[in-house]
Amino acid sequence: MPTNDAAALIGREIELKLEVSPADIEQLATAASQVSGAVHATMLTSVYFDTPDQMLYQAGVSLRVRHDGDRRIQTVKVDASRGVGLFDRPECEIEIEGDTPDLDDARSELTARFGKKAMKRIVPVFRSDVTRTKMLAAIDDAAIEFVIDQGTVIADNVSAPICEIELELKSGALSALFALARRLGEAGAVRLGVLSKAERGYLLLAPPSDSSSKADPIMLDSDMTAAAAFRTIAWSCLRQYRLNETVLIATGDADALHQARVALRRLRSALSLFKSVIEDESYDRLRSELRWLSGVLGEARNLDVLIELARGIGGLDRLQTERAGAYKLVGETLAAPRTRRLMLDLAEWLTLGIQDEAHTSPLVVDFATHRLEHLRKRLKKNGTHFAELSDEDRHRVRIDAKKMRYATEFFKSLYPAKKSARRHKRFRNALETFQTILGDLNDQVTGRLVLERLGLSNLCPEAWSIPANRSRLIDQGAATYGSLLEVERFW
């Protein structure tokens with residue numbers, strides 16, 4: 001569990017990163033100045049280095065040389081797990097001569113880690129130019145460096161804006177970072193930061209891709225406690241949500257909404273999966289708030305799916321109007337202080353609220369095996385006589401299958417043996433096929449319910465009953481359910 005004391009974090013950088021709008025910078029700076037001393041402003045250029053095949057980035061390492069007036073400061077940061085909000089990572093910072101990295105210095109471990117040949121291939125890959133406004137804030141007996149960075153990150157002929165606040169703990173309790181963040185949140189819109197400046201640069205170097213972001217693979221160590229594993233999973237879910245929330249706010253993209261909802265669903269599933277080791281006085285409130293936010297996104301997603309099903313049928317104008325209203329509500333919800341506070345509350349809970357001492361939290365490998373077996377038994381019990389189940393009972397099986405699938409994704413790295421990997425792939429494929437069929441059945445049921453709510457039940461009713469198609473899906477589901485239960489366990 002992360003310590004709440006900065007004294008134990010010597011040699012590490014620990015900061016809370018917040019994304020803000022340029023329009024809010026002045027009032028946020030004013031709010032910070034009420035608990036801060038003198039203000040210092042400077043222009044900074046940071047050049048990032050890597051091999052042409054991005055060996056450092058792939059290993060979770062960043063190397064930069066910062067130009068601060070006549071000074072040149074070389075920094076190596078290790079961030080193997082992609083961050084969100086709270087960035088807690090080892091760093092090595094030295095002053096050097098010249099504009100290129102000093103890789104011969106004894107304090108640098110890069111050569112020892114990657115080899116001399118790799119270090120000879122180090123080249124500049126991108127740079128950031130920012131105006132930095134800095135002050136030292138005092139809150140709750142803690143010293144916090146308050147930094148506003150505004151500028152751009154530039155790679156080749158493309159660039160991306162930077163407008164962020166960094167709260168770096170210099171001394172005192174970690175909780176002070178969140179206290180200051182909440183104070184800032186009362187003065188302007190602040191959101192948990194997801195991307196480091198290095199990540200922004202590497203994104204510019206990446207090939208063009210869809211604007212939405214799927215979940216990153218979860219990497220767990222077998223000697224982790226279950227509570228520590230939950231934190232790793234939850235941070236990943238928060239990162240996926242925030243990446244897609246940013247796109248959704250800016251563009252209203254349907255795929256970003258879908259992936260933001262998936263991220264929340266994965267997080268809610270993790271909360272349920274790990275309840276026995278993480279439940280405390282904050283658990284129910286956070287879970288309830290996540291259910292509320294998921295519900296708002298879910299209404300818009302249901303209309304997206306319904307419109308796809310209804311193409312060529314008629315009545316799309318009314319559905320498109322309803323969709324526009326649902327997306328308007330999504331935008332208002334994401335802009336609301338309640339949503340921003342929820343993300344901060346989750347970040348603070350993950351950082352400080354979850355206990356993972358050995359006597360209260362089992363090893364994750366034991367926990368995972370037990371939970372996977374429990375979920376399989378539940379799925380087997382609830383799916384019995386699949387073809388005869390009611391829509392409500394079949395929906396319950398769909399939820400069981402979804403929880404099972406997320407658990408297989410969360411725990412995959414705990415079973416690395418070749419035999420386990422092959423079994424995992426077969427199990428996952430069978431589960432995905434079953435879940436797809438259940439999803440198609442659920443879309444039909446949800447489509448009818450949405451049309452009834454909108455008073456459009458007469459909109460081509462034969463398209464929503466489709467008895468032959470429904471019967472075929474149920475038969476396929478029953479067959480796939482039987483095949484799934486025959487697949488060998490990978491745990």
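See above for the structure.
Before going into details, it helps to say that this report is about the structure given with it. For clarity, every value in this text was computed on a predicted model and none was experimentally measured. (Residues numbered from 1 in each chain as written. Predicted model: local features only at pLDDT ≥ 70, side-chain atom pairs only at ≥ 80, totals over all residues. Heavy atoms only, no water.)

## Quick notes on the packing of aromatic side chains
What counts here: In summary, the pairing rule links any two rings of Phe, Tyr or Trp, Trp by its six-membered ring, whose centres are within 6.5 Å, and it sorts them by plane angle into stacked for under 30 degrees, edge-to-face for over 60 and tilted for everything else. Strands here mean DSSP runs of E at least two residues long; helices mean DSSP runs of H or I at least four residues long; both are numbered from the N terminus. Exposure categories follow from relative accessible area, calculated using a 1.4 Å probe and restricted to protein chains: below 20% of the type maximum is buried, above 50% is exposed, and the middle band is partly exposed. Cation placement over rings: the criterion is NZ of Lys or CZ of Arg within 6 Å of the ring centroid and within 35° of the ring normal.
Under the definition given, this model contains 15 aromatic pairs. Centre to centre, the rings of Tyr-57 and Tyr-202 are 4.0 Å apart; their planes meet at 15°, and the pair counts as stacked. Pair noted here: Tyr-57 is in helix α2 (residues 55–58) and Tyr-202 is in helix α6 (residues 197–205), with a separation of 145 residues, a long-range link. Tyr-202 shares its class with Tyr-57; the two are buried. With a centroid separation of 5.8 Å and 65° between ring planes, the pair formed by Phe-427 and Phe-490 is classed as edge-to-face. With a gap of 63 residues between them, Phe-427 in helix α15 (residues 418–453) and Phe-490 in the segment after α17 (467–486) connect regions that are remote in the sequence. For the pair formed by Phe-427 and Phe-490, the shared burial category is buried. In textbook terms, an aromatic cluster arises when at least three aromatic residues are bridged by ring pairs, as seen for Phe-230, Phe-274, Trp-349, Phe-367 and Phe-411. A cation sits over an aromatic face here: Arg-323 above Tyr-327, 4.0 Å from the ring centre.

## Remarks on a positive patch on the surface
Heads up, the condition is: Think of a patch as exposed residues, more than 30% relative accessible area, with no salt bridge, where like charges cluster within 9 Å and nonpolar side chains (Val, Leu, Ile, Met, Phe, Trp, Tyr) cluster within 5 Å. Every accessible area reported is derived by Shrake-Rupley at a probe size of 1.4 Å, with residue values counting cover from the shown protein chains alone. Salt bridges are identified by distance alone: a Lys or Arg side-chain nitrogen within 4 Å of an Asp or Glu carboxyl oxygen. Only four residue types enter the charge count: Lys and Arg as positive, Asp and Glu as negative, with His and the chain ends excluded. Every charge is mapped to an atom, namely NZ of Lys, CZ of Arg, CG of Asp or CD of Glu.
Together, Lys-418, Lys-419, Arg-422 and Arg-426 make up a positively charged patch on the protein surface. With respect to the secondary-structure elements, Arg-426 resides in helix α15. The class of Arg-426 is partly exposed, set by a relative accessible area of 45%.

## Overview of unusual backbone geometry
Located in the positive-phi region is Asp-141, a residue other than glycine, with phi close to 65°. With respect to the element layout, Asp-141 can be found in the loop between β6 (123–139) and β7 (142–155). Given a relative accessible area of 82%, Asp-141 falls into the exposed group. Phi at His-385 is positive, roughly 55°, even though this residue is not glycine.

## With respect to the pairing of strand β3 (residues 61–68)
Moving residue by residue along a regular strand, the side chains alternate between the two faces of the sheet. Put simply, the rule reads: Being paired, for any two strands, means DSSP has found at least two bridges between them.
Of all the eight residues making up β3, seven are buried; the element is thus mostly covered by neighbouring parts of the structure. Where β3 meets strand β4 (residues 71–78), eight bridges bridge the pair, whose relative direction is antiparallel. When the sheet's bridge partners are listed, Ser-62 is paired in β4 with Lys-77. Taking the residues between adjacent antiparallel strands as the criterion, β3 and β4 are bridged by two residues, where Gly-69 takes a positive phi near 65°.

## Considering the nonpolar core
What counts, and what does not: Only buried residues count toward a nonpolar core, which is a set of Ala, Val, Leu, Ile, Met, Phe, Trp, Tyr and Cys residues joined through side-chain atoms within 4.5 Å.
Leu-16, Leu-167, Leu-184, Phe-230, Phe-274 and Phe-411 are the most contacted members of the largest nonpolar core, which has 119 residues in total. Among the elements that take part in this core, helix α7 (residues 226–251) stands out by supplying 12 residues, more than any other. Among the nonpolar cores identified, the runner-up in size contains 15 residues, and Leu-56, Val-61, Leu-63 and Leu-103 belong to it.

## Some remarks on helix α14 (residues 391–411)
Keep this limit in mind: Multiplying 1.5 Å by the helix residue count minus one yields the expected span of that helix.
Along its 21 residues, α14 runs 30 Å from first to last C-alpha, staying within 8% of the 30 Å computed at 1.5 Å per residue. Those residues of α14 not exposed but buried are Arg-394, Val-397, Arg-398, Asp-400, Ala-401, Lys-402, Met-404, Tyr-406, Ala-407, Thr-408, Phe-410 and Phe-411.

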